[in-house]
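Understanding the architecture of this molecule
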Amino acid sequence: MTVTIDALTGGEVLAAIDDLAALRVTVFAQWPYLYDGDGGYEADYLREFVEAPGAVLVAARDGGRIVGAATASAMTAQKAEFQAPFTVRGLDVDKLFYFGESVLLPEYRGQGIGHAFFDHREAQARHCGAQAATFAAVIRPSDHPDRPADYSPLDAFWQKRGYAPVEGFVTEFAWKDHRDEGATPKPMQHWLRRF
């Protein structure tokens, strides 16, 4: 398989929005997110995300098929309630880039695509004058009934990229798990790398 990785611009994102939304629903349905997703919500989210100045969406394609994607934008482009926990902790949101989601179909993992996603997003962050990048990862209990026996967390991968969890920086974000009747809050650990 030959996978190409490119940063998509506004028009290219809009042309691929349905495929990107479906990919997000598919990957986030898996461990550890277990998201019972909605393609329409995801498409709206992506449209809003990429309209932010300096935002980037990096796509991995196998032929014409999108098999992975990652997003990033300036923290100042995020909603005020999302910025607030950073401001409270003394982090300058004007110099911070937020790495949104990174999704990749399982059969394409372990081939360096994740590194390429970070390379593109970090380059965009630096291009926009950011001095640090951040993302959040869901925290799940080790005895969760849906945890695969062979699950390997991405912590070591992120640490090799220079990211570290910010001690005590855990927020909550709500979504509907497959087992839930409705959205429930999930703890999210924030990670940070300074450039």
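Let us look at the structure shown here.

Criteria and cut-off values
- Residues numbered from 1 in each chain as written.
- Predicted model: local features only at pLDDT ≥ 70, side-chain atom pairs only at ≥ 80, totals over all residues.
- Heavy atoms only, no water.
- Buried < 20%, exposed > 50% of the residue type's maximum accessible area, 1.4 Å probe, protein only.
- Helix = DSSP H or I, 4+ residues; strand = E, 2+ residues; numbered from the N terminus.
- Right-handed = clockwise from strand over helix to strand, strands pointing away.
- Pairing = 2+ DSSP bridges.
- Phe/Tyr/Trp six-rings, centres within 6.5 Å; stacked < 30°, edge-to-face > 60°.
- Lys NZ or Arg CZ within 6 Å of the ring centre and 35° of its normal.

Moving on, we come to the pairing of strand E5 (residues 132–138). Most of E5 is tucked away: seven of the seven residues are buried. Burial of the side chains of E5 extends over both faces: Ala132, Thr134, Ala136 and Val138 are buried on one face and Ala133, Phe135 and Ala137 on the other. Assessed by its sense of winding, the connection that carries the chain from strand E4 (residues 96–104) through helix H5 (residues 113–127) to E5 is right-handed. Pairing between E5 and strand E7 (residues 184–194): seven bridges, direction antiparallel.

The next thing to look at is the packing of aromatic side chains. Enumeration according to the criterion identifies 17 aromatic pairs in this entry. Taking the centre distance of 5.7 Å and the plane angle of 40° together, the rings of Tyr33 and Trp175 count as tilted. Residue Tyr33 is found in the loop between helix H2 (17–28) and helix H3 (39–50), and its partner Trp175 is found in strand E6 (residues 164–175); the two are separated by 142 residues along the sequence. Each member of the pair, Tyr33 as well as Trp175, is classed as buried. Their ring planes at 55° and their centres at 5.5 Å tell us that Phe135 and Tyr163 sit as a pair that is tilted. Of this pair, Phe135 sits in strand E5 while Tyr163 sits in the loop between helix H6 (155–160) and E6, placing them 28 residues apart in sequence. Three or more aromatic residues joined by ring pairs make a cluster, and in this case those are Phe99, Phe118, Phe135, Phe157, Trp158, Tyr163 and Trp191. Across the ring face of Phe195, the terminal group of Arg126 is positioned such that the distance to the ring centre comes to 4.3 Å. The residue whose ring lies beneath Lys186 is Trp175, and the NZ or CZ to ring-centre distance is 4.8 Å.

Don't take any of this as a statement about function, it's just geometry.
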